[in-house]
Amino acid sequence: MKKRLGAMMTIIAAGITAQAQTLILSDSFDTGGVATNDLNYNQGVRQAGTVAPMNYTVNTNAYPISLTAAGKLNMKSDGPWYSVVSDPIGTQLGSESFSIKWNTQHAASSPDGNWSMISVLSAINNNWDNSPMTVNLWSMDFIHLDYGSSNNLTSGNNLRIDMSPGKVAAAIGAAYNADDVHDFELRACAKSATSGTWGFYIDGTNVAAGLPYTFEDSAKRLNWNANHATDADWDDLEISTIPAEPAKEYVFFDDFNGTEGTHAGWLYSTRQTNGMAVTSYGQNYNLFAITNRVGNGKLNDYWPSAYLATDVDLGSYILGKDFELSCKVAVNTPGGEWTSFYLDDEDGKDRGNSRLGMYIPGTAQPWACVLYYGTGAAQTIKPIDPAWYAGLAGYDKTQEHTFKFVSTAGTGGTNSYEVFIDGVEITDSAASGGNAPDSLPYYFDKDVRKIAIVGSIPDGTDQTNGAFYDDVYLKVIKGASYEDWVADDTGLTPGVNDGRADDPDGDLMDNLLEYALGGDPLVDDAATILPLTDYSVTDSISYVFRRRVDASARRLTYDVLLNVDGLQLPWTNVSNAYETGSSLINTDFEAVTNTFDISTADFGFVNLEVTED
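Residues numbered from 1 in each chain as written. Predicted model: local features only at pLDDT ≥ 70, side-chain atom pairs only at ≥ 80, totals over all residues. Heavy atoms only, no water.

**Side note on the sheet that holds strand β35 (residues 540–548)**
Pairing is antiparallel across the open sheet formed by 4 strands, whose spatial order is β34-β35-β39-β38. For this open sheet the edge positions go to β34 (532–534) and β38 (579–584), each flanked by a neighbour on one side alone. Across the sheet, the mean angle separating the axes of adjacent strands is 25 degrees when strand polarity is ignored. (Pairing = 2+ DSSP bridges. Helix = DSSP H or I, 4+ residues; strand = E, 2+ residues; numbered from the N terminus. Axes fitted to C-alpha atoms, helices over the stretch in contact; angles between N-to-C directions.)

Next comes the structure, spelled out in structure tokens:
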């Protein structure tokens, strides 16, 4: 199938552009020095943006919520919790990614155990407790982030990240005090008008990302809440659409490069920039250290029975998909101690529940690792002896080795995985002399997935003993076909609007072109992704188009066609003869530049032809 995109050389001029940011609402809460309980007072002066004026409605206990003479939204109560809800903003946000910014200060007089929060609600969901986007700021310096799905309002099914003051301080690299003014941002990366992922920023530092959300409808309203004895000021609200974040290769990646001697959570966001999810670690994060004593940037598992797991649920990224889970690890223990690395589910905290993972024993045992698997009630284990494999001759577990688990999704939730050590496939019956199966079946009956580490390591507080982890990552294995793109990335409905020639968003780009150029088939984004031209150099024209980095694997061919004699005559396929450079847009796409000399041309036309074999 071939598709052509035309551009007349002497008319069109532009470059590859990013989606513009659009202000939806800013609210300074400035009343001009008037203290009032009317939350909509002075709207014409204090508000701007496409939804201004936007009204706020007090749902419960009207008196404690007010605008102060200093221009703050104040939540102060001596009674039960109460809430304020805004007008809907879903129409203006549409399917675009968006940002919500504000600043908050809790009065020093607010007793411990009190909080104020902001949530995003749908039209159906009037219950902040089930919002898939909630930021709860506590007076004693804790922060709770609730995320997940709001489609079952009676079950309280959202997930939560509980950030202690120590975790907050570790994330931002400074002490955190709720009595001070802090800038906050909730940033959503939308997949549709009702779903996507979101992240949270404190004073400009990304402390969490990749939190999945799903609403029942697209209305989207802001909801403020506070409980008894709270005294908190909120200010400088700003809501805007923002450019979608570039796709990243990894769901999660932690390189553990940091300051030696600190716990596992110290400045974790600076270590996790290669992944879509940014997450603190729960439970015993202070019993794991970042060390440089055995090589730059290692996670040291040195404390007996200490359990560490990602705070963010990674299940929404990998359920039903093929994926890789990998780590580098060395074990320096002389006895029968062990360390384990595995996928956790909602039953968690026990490696014995995992069906995908391993433990590595100390040097007293010959096994390179012992694998976890199984589909029944009991976990099954399989010891792996490196002596079975020619490619692992001289194996020394005190040296760093790379372990990679490659999972293949099956039907009915039953999956299988293969394992590689230093590139040698160990789930290979022939290579192991019949000692290991070709793959291992596994099954989880819950949807949550977290990467976990737990060990039985003697106290090694000198950080030269125990297990040393590096480069832990989770990566979705994406198929290289149009059908995989439809299933993985689009939200298209099979049999309804997923055909190559369909154009569900009406932007005059059918689905095949959206696939080839990196568009969203449900959003009119033609102005962003169509090929564009640049006349900034005299007597020259640059024609720039988007191309998939793995185009050959996807059987896609991008050819440039020329016509300088008139549109009625045949076009000349010049293929890539005029290609003068390319640069990465993200991990999936590159911008390809073709340069033409037009010093002797009166007129001419350029087309891009995309062919799928």
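**Some points on the sheet that holds strand β26 (residues 369–373)**
Across the sheet, which stays open at both edges, the 7 strands sit in the order β19-β22-β32-β24-β25-β26-β27 with antiparallel pairing between neighbours. Only two strands of the sheet have a single neighbouring strand rather than two, namely β19 (281–283) and β27 (380–384). Each strand of the sheet is rotated relative to its neighbour by a mean of 20 degrees, with strand direction disregarded. Of the strand pairs in this sheet, β26 and β27 are connected by 5 bridges, and their pairing is antiparallel. Following the sheet pairing, L371 is matched in β27 by K382.

**Examining helix α3 (residues 165–172)**
Most of α3 sits out of view: 6 of its 8 residues are buried. Taken together, the buried residues of α3 touch β11 (143–149), β12 (159–163), β14 (195–202), β15 (205–214), α4 (268–271) and β19. Looking at the residues trailing α3, positive phi occurs at G173, about 75 degrees. (Buried < 20%, exposed > 50% of the residue type's maximum accessible area, 1.4 Å probe, protein only. Contact = heavy atoms within 4.5 Å.)

**Considering the pairing of strand β25 (residues 357–361)**
Of all 5 residues in β25, 5 are buried, a share of seventy percent or more. Side chains G357, Y359 and P361 project from β25 onto one buried face, and the interleaved M358 and I360 project onto a second face that is buried too. Direction of pairing for β25 relative to β26: antiparallel, over a ladder of 3 bridges. What sits directly across from G357, in β26, is Y372.

**Quick word on the packing of aromatic side chains**
Per the counting criterion, the structure on display carries 27 aromatic pairs. Ring geometry for Y442 versus F444: centroids 5.9 Å apart, planes at 70 degrees, classification edge-to-face. Residue Y442 shares its accessibility class with F444, and that shared class is buried. Ring pairs connect the aromatic residues F341, F405, Y417, Y442, F444 and Y469, which therefore count as one cluster. Over the ring of Y201 we find R187, and its NZ or CZ is 4.1 Å from the ring centre. Directly above the ring of F420 sits K404, whose terminal nitrogen or CZ lies 5.5 Å from the centroid. (Phe/Tyr/Trp six-rings, centres within 6.5 Å; stacked < 30°, edge-to-face > 60°. Lys NZ or Arg CZ within 6 Å of the ring centre and 35° of its normal.)

**Quick notes on the pattern of salt bridges**
Here the structure, examined in full by the defined rule, presents 15 salt bridges. Among the ionic pairs, E249 bridges to K475, the shortest N-O distance being 2.8 Å. Separated by 226 residues along the polypeptide, E249 in the loop between β17 (231–241) and β18 (252–254) and K475 in strand β33 (residues 466–476) bring together distant segments of the chain. A relative accessible area of 38% places E249 in the partly exposed class. Between R547 and E590 there is a salt bridge whose closest N-O contact spans 3.0 Å. With R547 in strand β35 and E590 in strand β39 (residues 589–597), this pair connects stretches of sequence that are 43 residues apart. (Salt bridge = Lys/Arg side-chain N within 4 Å of Asp/Glu carboxyl O.)

**Structural notes on the side chain of D344**
With respect to the helices and strands, the residue D344 is situated in strand β24 (residues 338–344). No salt bridge is formed by the buried D344. Its closest oppositely charged neighbour is K450, at 7.4 Å. Side chain to side chain, D344 and Y307 meet in a polar contact 2.2 Å long. (Lys, Arg positive; Asp, Glu negative; His and termini not counted. Polar contact = N/O pair within 3.5 Å; in protein donor to acceptor, adjacent residues only side chain to side chain.)

**What about the side chain of K298?**
Positionally, K298 belongs in strand β21 (residues 298–301). One polar contact links K298 to E400, side chain to side chain, over a distance of 2.8 Å. Dropping the residues within four chain positions of it, K298 is found in contact with F256, A289, I290, T291, E400, F468, Y469 and D470.

**Side note on the environment of R46**
Along the chain, the position of R46 falls in helix α1 (residues 43–46). Not counting the four nearest positions on each side in its chain, R46 is found in contact with S26, D27, S28, F29, D30, L39, N40, Y41, Y56 and L67. Engagement of the side chain of R46 in a polar contact is seen with the side chain of D27, the distance being 2.8 Å.

**So, unusual backbone geometry**
Of note, the bond from A52 into P53 is cis; its omega dihedral lies within 30 degrees of zero at -5 degrees. Among the structural elements, P53 can be located in the loop between β3 (47–48) and β4 (56–58). The phi dihedral of F256 is positive, around 60 degrees, even though this residue is not glycine. Among the structural elements, F256 can be located in the loop between β18 and α4. Given the relative accessible area of 1%, F256 is considered buried.

**A closer look at the state of the cysteines**
Taken as a whole and judged by the stated rule, the model has 0 disulfides. Residue C327 stays outside any disulfide, its sulfur separated by 9.9 Å from that of C369, the closest cysteine. (Disulfide = S-S within 2.5 Å.)

**Observations concerning the environment of N74**
When you line up the elements, N74 lands in strand β6 (residues 73–76). You can call N74 buried: its relative accessible area is 8%. Spatially, the C-alpha atom of N74 lies 57 Å from that of L440, the residues being 366 residues apart in sequence. Ignoring any residue separated from it by four or fewer positions in sequence, one finds N74 in contact with P64, I65, S66, T68, D231, A232 and D233. For N74, the side chain forms a polar contact with the side chain of D231, separated by 3.1 Å.

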